[in-house]
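Close look at the chain arrangement
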Amino acid sequence: MGAITSARELISSARRIATFSGAGLSAESGIPTFRDALTGHWARYDPAELASPEGFARNPELIIEWYNDRRRTLASSTPNAAHQAMADRTGLLHVTQNVDHLLERAGAEQVLHLHGRIDSDRCHRSCGYSESIDISDPPGLRPCPQCGAQLRPAVVWFGEPLPEEVWNSSVEAVEAADLLIVIGTSGVVFPAAGLIDQARRGSAAVIVVNAEPIRTISDITIIGSAAEIVPQLLSA
Ligand code: OAD
């Protein structure tokens, strides 16, 4: 029996399904991933250099421009068939490392963003101020109107803590799930990637859909494109 058929069987007999996704889910919407070669003029920078408090302290204008570049790309992107299939299958709880809102744009209701969202800015001093921004015409570097510190994208940078509330809800979700579908992630960034082991410790079955094999134990691994495979797994 093919892997798709076996995966569909697991999905139809599961009571509570969670998904765990990474940049590979949005790749076919034109959003560059992290560890595949960085496209364009950002190729000469290391993403960890850019997505970090040190990088922001060193050159805030460069960091804001890098994020604004990504925001403009996202503004002209649309959900792909994988986002749509995940949104259309009611009852799924989505835990994502992605900072785009393409699952929400596809109509998904329960999405937990472990690494925040790129369509908001927040106070870098964490005074509590945050605001949504227009990703098609994002603002430049500017002070927090509440406390005067700098505003920065409301995303989690290397070395920064994950939002506690979101982390706790994500742990609960994967522990309660009897099936975790892992989509488009290299699974190398922790603590996020630790949720896969957490799900298995909670006796969930694990299905992996990814363009290349990843280092995790799974019941079924399907190598290929998310936009092609995920709809085959989730369609009624
Ligand atoms: P990565 O770039 O590390 O991994 C993307 C994975 O998706 C790779 O394994 C690719 O092979 C796979 N992939 C690429 N295109 C695909 C497609 N069309 N269909 C299916 N799979 C595809 O991105 P993440 O795993 O999301 O964190 O990276 C995790 C975190 O590291 C990100 O959230 C970000 C980054 O630094 C922070 O910024 C804190």
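Keep in mind that what you see is a predicted model, and the values were worked out from it rather than measured. (Residues numbered from 1 in each chain as written. Predicted model: local features only at pLDDT ≥ 70, side-chain atom pairs only at ≥ 80, totals over all residues. Heavy atoms only, no water.)

1. Let's talk about the sheet that holds strand 6 (residues 151-155)
The condition is simple: Strand pairing is assigned whenever DSSP identifies at least 2 bridges connecting the two strands. The way it works is that DSSP assigns letters per residue, a run of H or I at least four long becomes a helix, a run of E at least two long becomes a strand, and they are numbered from the N terminus. All axes here are fitted lines through C-alpha atoms, helices being fitted over the stretch that makes contact, and every angle between N-to-C directions spans 0 to 180 degrees.
What the 3 strands build is an open sheet, ordered 5-4-6; its pairing is antiparallel. The strands lining the two open edges of the sheet, one partner per strand, are strand 5 (130-132) and strand 6. Here the strands of the sheet are splayed against their neighbours by 40 degrees on average, with no regard to which way each runs. As paired strands, strand 4 (residues 116-123) and strand 5 are joined by 3 bridges and run antiparallel to one another.

2. Here's the deal with helix 5 (residues 60-75)
For the record, the criterion: Expected span of a helix: the number of residues minus one, times 1.5 Å. Each residue is placed in one exposure class: buried if its accessible area under a 1.4 Å probe, protein chains only, is under 20% of its type's maximum, exposed if it is over 50%, and partly exposed if it falls in between. Here, residues are in contact when the closest pair of their heavy atoms is within 4.5 Å.
Its 16 residues place the ends of helix 5 22 Å apart at the C-alpha level, agreeing with the 22 Å of an ideal helix rising 1.5 Å per residue. By the burial criterion, the buried members of helix 5 are P60, L62, I63, I64, W66, Y67, N68, R71 and L74. Buried residues along helix 5 sit against helix 3 (47-50), helix 4 (53-58), helix 7 (102-105), strand 4 and strand 6.

3. Describing the site of the ligand
Here is the rule we go by: Here a residue counts as near a molecule or strand whenever at least one of its heavy atoms sits within 4 Å of it. Polar contact is the term for a pair of N or O atoms within 3.5 Å; when the atoms are in protein, one must be able to donate a hydrogen and the other to accept it, and sequence-neighboring residues count only if both atoms are side-chain atoms. Surface accessibility follows the Shrake-Rupley procedure with a 1.4 Å probe radius. Residue values consider only the protein chains on display as shielding. Polar here means any residue outside two lists: the nonpolar Ala, Val, Leu, Ile, Met, Phe, Trp, Tyr, Cys and Pro, and the charged Asp, Glu, Lys and Arg; Gly therefore counts as polar. Where each domain starts and ends follows an automatic or database-derived domain assignment.
Near the ligand, the surroundings consist of 23 residues, among which A23, R35, H115, T185 and S186 are the closest. In this structure, A23 approaches the ligand through a main-chain N or O atom, which is 2.8 Å from an oxygen atom. Here an oxygen atom of the ligand and a side-chain polar atom of T185 are 2.7 Å apart. The fraction of the free accessible surface of the ligand (790 Å²) that becomes covered by protein chains is 93%. Looking at the shell around the ligand, the element that brings in the most residues is helix 2 (residues 23-27), giving 3 residues. Of the residues belonging to the shell around the ligand, the class tally is 8 nonpolar, 11 polar and 4 charged. Taken domain by domain, the shell around the ligand gets at least three of its residues from each of domain 1 (1-31 + 78-115 + 162-236) and domain 2 (32-76 + 116-155).

4. Regarding the pattern of salt bridges
Should the charged atoms of two oppositely charged side chains come close, the side chains can pair. For clarity, the cut-off: By convention in these notes, a salt bridge is any Lys or Arg side-chain nitrogen within 4 Å of a carboxyl oxygen on Asp or Glu.
One pass over the full model with this rule turns up 11 salt bridges. The partner of R15 in a salt bridge is D178, and the shortest N-O contact between them spans 3.6 Å. Highlighted residues: R15 in the loop between helix 1 (3-13) and strand 1 (17-21) and D178 in the loop between helix 8 (164-176) and strand 7 (179-183), separated in sequence by 163 residues. Of the charged contacts, one joins R71 and D121 as a salt bridge, the two residues approaching to 2.7 Å between their closest N and O atoms.

5. Some thoughts on the layout of surface pockets
Basically, it comes down to this: In the cavity and pocket records, a cavity denotes points on a 1 Å grid over the protein atoms alone where a 1.4 Å probe fits but cannot get out, a pocket denotes an open set with protein on both sides within 12 Å along at least 5 of 7 lines, and lining residues are residues with an atom within 4 Å of a point. Grid points are joined across faces, edges and corners, and a volume is the space filled by probe spheres set on the points.
In this structure, the second largest pocket occupies an estimated 200 Å³ of space. Contributing to the lining of the second largest pocket are H113, G116, R122, S130, A154, V155, V156, E160, P161 and P163. If you list the elements that add at least two residues to the lining of the second largest pocket, you get strand 4 and strand 6. A breakdown of the residues in the lining of the second largest pocket according to their chemical character gives 5 nonpolar, 3 polar and 2 charged.

6. Observations concerning the domain arrangement of the protein
For the protein, the assigned domains are domain 1 (1-31 + 78-115 + 162-236) and domain 2 (32-76 + 116-155). On the domain 2 side, the residues contacting the 19 residues of domain 1 number 15 residues. Where domain 1 packs against domain 2, one counts 1 salt bridge. Note that E104 is salt-bridged to R117, the shortest N-O span being 3.3 Å. Taken together, the connections running from domain 1 to domain 2 amount to 3 residue pairs in polar contact (both at pLDDT 80 or more). Among the elements of the structure, helix 2 and helix 7 are those that each provide at least two residues to the side of domain 1 that touches domain 2. The class makeup of the residues in the side of domain 1 that touches domain 2 is 8 nonpolar, 8 polar and 3 charged.

7. Observations concerning the nonpolar core
Rules: The nonpolar core is taken to be a set of buried Ala, Val, Leu, Ile, Met, Phe, Trp, Tyr and Cys residues, with the residues joined through side-chain atoms within 4.5 Å.
In this structure, I11, L179, I181, I207, V230, L233 and L234 are the most contacted members of the largest nonpolar core, which totals 27 residues. Listed by contribution, the elements that provide at least two residues to this core are helix 1, helix 6 (81-88), strand 7, strand 8 (205-210), strand 9 (220-223) and helix 10 (226-234). The element best represented in this core is helix 10, accounting for 5 residues. Leave out the neighbours within four places in its chain, and L179 touches L10, I11, A14, R16, I17, A18, A204, A205, V206 and I207.

8. Re the sheet that holds strand 9
In spatial order, the strands read 3-2-1-7-8-9; together these 6 strands make up an open sheet with parallel pairing. Two strands lie at the open edges of the sheet, namely strand 3 (111-113) and strand 9, each paired on one side alone. Going across the sheet, the axis of each strand differs from the next one's by a mean of 15 degrees, ignoring polarity. Two elements, strand 2 (residues 93-96) and strand 3, share 3 bridges in a ladder whose sense is parallel. Bridge pairing links T96 to H113 in strand 3. This element, helix 1, spans strand 1, strand 7, strand 8 and strand 9 of the sheet and lies at about 130 degrees to strand 9. Docked against the sheet, helix 10 engages strand 7, strand 8 and strand 9, running at close to 145 degrees with respect to strand 8.

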